[in-house]
Every structure is written in C-alpha cells, then in structure tokens.
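Analysis of the macromolecular model
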Amino acid sequence: TLSQSQSSTDSSVILDNGASSTDDYYNGMPIFFYSGPGQGQIRKVINYVAATKVATLNSALSTNVTTSTAYDLGYIHSSFQINDISIIYREKSIK
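Residues numbered from 1 in each chain as written. Predicted model: local features only at pLDDT ≥ 70, side-chain atom pairs only at ≥ 80, totals over all residues. Heavy atoms only, no water.

1. A short note on the side chain of Arg43
You can see Arg43 is positioned in strand 3 (residues 42–49). A distance of 3.1 Å separates the side chain of Arg43 from the side chain of Ser59, its partner in a polar contact. Setting aside its immediate chain neighbours within four residues, Arg43 contacts Met29, Pro30, Ile31, Leu57, Asn58, Ser59, Ala60, Leu61 and Ser62. (Helix = DSSP H or I, 4+ residues; strand = E, 2+ residues; numbered from the N terminus. Polar contact = N/O pair within 3.5 Å; in protein donor to acceptor, adjacent residues only side chain to side chain. Contact = heavy atoms within 4.5 Å.)

Take a look at the structure:
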C-alpha cells in the first residue's frame, strides 16, 4: 500500500517503505492501483527518488489514492498466460 494519500490532481505518489533504495529504479515501469480508493488506474513512472520514495507519474491521477490503496509496480510480459495443465499418461515399451 502507499505510504501517503495523494489527491487526484497529483502526478506523484509515495511508495511504501519496502520500495527500492536505488534512484530511477522504477523509471519507465507501469504502476497499477488494483485495490482500494483509486483502483483501476494505470500510470507510468517517469522519475523515482529513492531517498523520499517518491514516484513521479506521466500524468495526474484521475481519482484520489490513499494509504489503503494497493498497487503493483513493474512489468508483466504481454505473452504471460496462466493455462490449465494436462497430464497425459501413455504406455511406453521397455527396451
């Protein structure tokens, strides 16, 4: 969850204390707010300052996010899929 509530006019968010300690680590990555106030919004991180945990977004939020808002930050490859797994048994001759 976020460390601080942000209004819908903000184009930055403060990430949780577990966020990276490397400047610019999240630059170019998508951030998806998946639960809580402001859920469903997706933005792109254009700058990250590790000392303050502030991620600047490519555009302002359209709905307020709060400390109750959960987010996912990073890439998921577009070809990633979860499929059912089938196990096929067949007889095999012994040599």
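2. Here we look at a nonpolar patch on the surface
On the surface, Phe32, Tyr34 and Ile42 cluster together to form a nonpolar patch covering roughly 300 Å² of accessible area. With respect to the secondary-structure elements, Ile42 resides in strand 3. (Patch = residues over 30% accessible without salt bridge, like charges linked within 9 Å, V, L, I, M, F, W, Y side chains within 5 Å. Areas by Shrake-Rupley, 256 points an atom, 1.4 Å probe, with all protein chains shown as cover. Salt bridge = Lys/Arg side-chain N within 4 Å of Asp/Glu carboxyl O.)

3. Quick word on the packing of aromatic side chains
Tallied over the full model, the rule gives two aromatic pairs. Ring geometry for Tyr25 against Tyr26: centres 5.0 Å apart, planes inclined by 90°, an arrangement best described as edge-to-face. We classify Tyr26 as buried; its relative accessible area is 11%. The structure contains a cluster of three or more aromatic residues connected by ring pairs, namely Tyr25, Tyr26 and Tyr48. (Phe/Tyr/Trp six-rings, centres within 6.5 Å; stacked < 30°, edge-to-face > 60°. Buried < 20%, exposed > 50% of the residue type's maximum accessible area, 1.4 Å probe, protein only.)

4. Description of the sheet that holds strand 4 (residues 54–57)
An order of 1-4-3-2-5 is seen for the five strands of this open sheet, with the pairing classed as antiparallel. Only two strands of the sheet have a single partner each, and these edge strands are strand 1 (12–14) and strand 5 (70–73). Averaged over all adjacent pairs, the angle separating strand axes in this sheet is 40°, with direction ignored. As judged from the three bridges shared by strand 1 and strand 4, these two strands associate in the antiparallel manner. By the bridge assignment for strand 4, Val13 is matched with Ala55. (Pairing = 2+ DSSP bridges. Axes fitted to C-alpha atoms, helices over the stretch in contact; angles between N-to-C directions.)

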